[in-house]
Amino acid sequence: MTVLVVGETVDGHLVAATRETVSVARSLAGGPGGVVGFAAGAHARAGAGEFGRLGISRVLVAEEGRLDRAPVAATAHAVALAADAAGADTVLVGGTTFGRDLVGRLSVRWKAAVSSGVTEATRVEGGIRVRRPVFGGRATETRRLTGPHFALALRPHAFPIPEETPGTPQIDTIPPANLPETLFAPQRTALEGASAGQGPSLGDASIVVSGGRGVRTAEDFRLVEELAASLDAAVGASRAVTDAGWRPASLQVGQTGRSVSPQLYIAVGISGAIQHLVGMVSSRVIVAINSDSSAPIFRVADYGIVGDLFQIVPALTAEIRRARAT
Amino acid sequence: MEIAVCVKPVPESETRLRVAPDGRTLDPEGVKFVLGGYDESAVEQALLLKETVPGSTVHVLTCGPSPRAEEVLRASIALGCDRATWVEATAPLAADPVRAAVAIAAVLRSAPPGLVLCGKQAGDDEAGLFAGALGELLGVPDLGYVVDLRWDATTQRFRFQRVTEAGLERWEAPLPVVIGLQQAWNDPRTAKLPNILKSRKAPIAKFPADPAASTSQSVPEKFELPAPRNGARMIEYKTPQEAAQTLVRILREEAKVFP
């Protein structure tokens, strides 16, 4: 069975979420030979070349520059054509905003059984079985998808990125499709960096450090930011912090903010209201630092430090800097 | 402007989750179904547009079983939606975003609205597939993760923003378009009591689900709740430096998440 991996590129480089799909693609294809890459847009060839270093020997490209500024809907048509050209029965994509929008379109465009936020995918008799967290990580569902076509958006950070090896793929161009003009009507007019100079964005980071009410003042929130910087982590905040205006609402993690599921989540001075927990409980490893040993955050955390965050956090930042320098 | 807003009844966020007796789905027994946070933002966005674009009407649609489907429609009417459509469907059909899109598209096709709004995902299954499927069925582009949709009457285009991994994207789009909205950016209004009372008697158009929505390619096999966490392993220490050293060692050697 052939699996088409849809590459998402930023400045000509495959994003981490794309690289994470490769091990799943190999397993669903029954070996590396059955995996074909796909890249679209003005820089499609650069992204295609990077597939070679991930052990993928054939890549289809749609070098349509205008796809870069158009909705995913247009790219979805090109992906469906590429999947058919490759003889693929499955399309895999990293479950970013791009990937999730894409598989939604493919459910109809390519008549595919689809799933998003997938953390496990295995071939079973007549289909693919997927597992995925639901209810903000408070439950997990298993679904059986029946084909003949499948399109899966994998949950970011749920799979490892394979080691890169030297390799140059064969690159074939997909002829410009008769993409409907209506799909190009919406246009992206500008892109402003997530948090220029402030480390990775909240949704994309593998480590998130969040601060809560216990930080006490807008000024002291920098302790949280310094800890985050020492780990190259994204900065998050509880609702108390954003409601108080100490930091912008875009940093809020929780039910009314962002849901995150990084490899490591460090909660500083956050008591752990359910409002916050639903946004971070599916993180792989959770560390809580809080002065109140009965705070609910310690019930979901893996590791806890009870103490004065104004002493613990600077010590931790210093220790992390030291450990990473050696 | 004719604005359609598609909503899905989801369990109240404080619901204590339980597994159904067959082990495949959430046990709906005793669960209160409401408009979710994303849908609240979508309805609020529809009403904001109605207030700023003269001659607009808001048509709320849902797909699902009784009584939850009717309840969220009446809640939307109480908030200010002008008319409501209920596509009657079983819970399993409504729980599949692609089949729900097929059922809703079958109704919308008879008089396609210029603008279709929905939450960018539902708060229960968090799939985020509905807008894309609906857009493809209607032959209209869709964009998810949208905040702050504004209509520019001069250019006859929407201006809006999307929050993605890449950062803040600014977009423009003419009609027709399907938009999936982020939650909690527009401070959704609450219904006033007289409007809640009036909404109880409001007419609701009912349709059976289109037969095309009966085919399922996605069957639930298991619904699991995580084993309760044992609680954190507390780090003992005498000085903050010792606590820091112990935690770094654990993150590096045990949890293997140290960068």
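Residues numbered from 1 in each chain as written. Chains lettered and ligands numbered in written order. Predicted model: local features only at pLDDT ≥ 70, side-chain atom pairs only at ≥ 80, totals over all residues.

Our focus in this paragraph is the overall build of chain A. A tally of helices and strands in chain A yields ten helices and 18 strands. Relative to a compact globule of 326 residues, whose C-alpha radius of gyration would be 20 Å, chain A shows 21 Å and is just as compact. C-alpha extents for chain A along the principal axes are approximately 60 × 45 × 45 Å. Among the 326 residues that make up chain A, the fraction classed as buried is 60%. Within chain A, residue pairs in contact and separated by at least 24 positions form 64% of the contacts whose partners lie at least 6 positions apart. (Helix = DSSP H or I, 4+ residues; strand = E, 2+ residues; numbered from the N terminus. Rg over C-alpha atoms; globule rule 2.2 N^0.38 Å. Buried ≥ 20, exposed ≤ 12 C-beta atoms within 10 Å, placed from the backbone. Contact = placed C-beta atoms within 7 Å.)

When its secondary structure is counted, chain B shows seven helices and 13 strands. Taking the principal axes of its C-alpha atoms as reference, chain B extends roughly 70 × 50 × 40 Å. Out of the 259 residues in chain B, the part that is buried amounts to 47%. Long-range pairs, those at least 24 residues apart, make up 73% of the contacts in chain B with a sequence separation of at least 6.

Okay, the interface of chain B and chain A next. Facing the 64 residues of chain B at the interface are 73 residues of chain A. For the side of chain B that touches chain A, the elements supplying multiple residues, two or more each, are α5 (130-138), β7 (142-152), β9 (167-173), β12 (218-224), β13 (233-234) and α7 (240-254) of chain B. With nine residues, α7 of chain B is the largest single contributor of residues to the side of chain B that touches chain A. Of the residues contributing to the side of chain B that touches chain A, the split by class is 35 nonpolar, 15 polar and 14 charged. Two strands pair when backbone bridges link them, and strand β18 (residues 303-306) of chain A and β13 of chain B are joined in this way by two bridges, in the parallel orientation. Across the sheet, residue Tyr303 of chain A finds its bridge partner in β13 of chain B, namely Arg233 of chain B. (Nonpolar A, V, L, I, M, F, W, Y, C, P; charged D, E, K, R; others polar. Pairing = 2+ DSSP bridges.)

This next bit is on the domain arrangement of chain A. Residues and elements named next belong to chain A. Assigned domains within chain A: domain 1 (2-184) and domain 2 (207-325). Using C-alpha coordinates to define each centre, domain 1 is positioned 33 Å away from domain 2. Counting residues at the interface gives six residues for domain 1, matched by eight residues for domain 2. Residue classes in the side of domain 1 that touches domain 2 are distributed as one nonpolar, three polar and two charged. (Domains from an automatic or database assignment.)

How large an interface is tends to be reported as the accessible area lost when its parts come together. As far as domains go, chain B holds domain 1 (2-214) and domain 2 (228-259). Its C-alpha centre places domain 1 of chain B at a distance of 44 Å from the equivalent point of domain 2 of chain B.

Let's shift gears to the packing of helix α5 (residues 97-109) of chain A against α5 of chain B. Between two packed helices, both the angle of their axes relative to each other and the distance between the axes serve to describe the pair. Running from amino to carboxyl end, α5 of chain A crosses α5 of chain B at an angle of 40°, the nearest separation of the two axes being 7 Å. One finds that α5 of chain A runs oblique with respect to α5 of chain B. The element α5 of chain A and its partner α5 of chain B pack so that their crossing is right-handed. When α5 of chain A is examined against α5 of chain B, the residues Asp101, Gly104, Arg105, Ser107, Val108 and Arg109 of chain A are found in contact with a partner set consisting of Ala131, Gly132, Ala133, Gly135, Glu136 and Leu137 of chain B. Classifying every residue of the contact of α5 of chain A with α5 of chain B by side-chain character gives four nonpolar, four polar and four charged. (Axes fitted to C-alpha atoms, helices over the stretch in contact; angles between N-to-C directions. Parallel < 35°, antiparallel > 145°, perpendicular 65-115°, else oblique. Left-handed = near helix turned anticlockwise from the far one by under 90°.)

Residue and element names in this part refer to chain A. The end-to-end C-alpha distance of helix α4 (residues 72-86) is 20 Å, a good match for the 21 Å that 15 residues give at a rise of 1.5 Å each. Burial of α4 is extensive: 13 of the 15 residues sit out of reach of the surface. Phi turns positive, to about 70°, at Gly87, one or two residues after α4. (Expected span 1.5 Å × (residues − 1).)

Turning next to the confidence of the model for chain B. Summary statistics for chain B give a mean pLDDT of 93 and a share of 99% for residues scoring 70 or more. For this predicted complex, the interface score ipTM comes out at 0.89, while the overall pTM is 0.84. (pLDDT = per-residue confidence, 0-100.)

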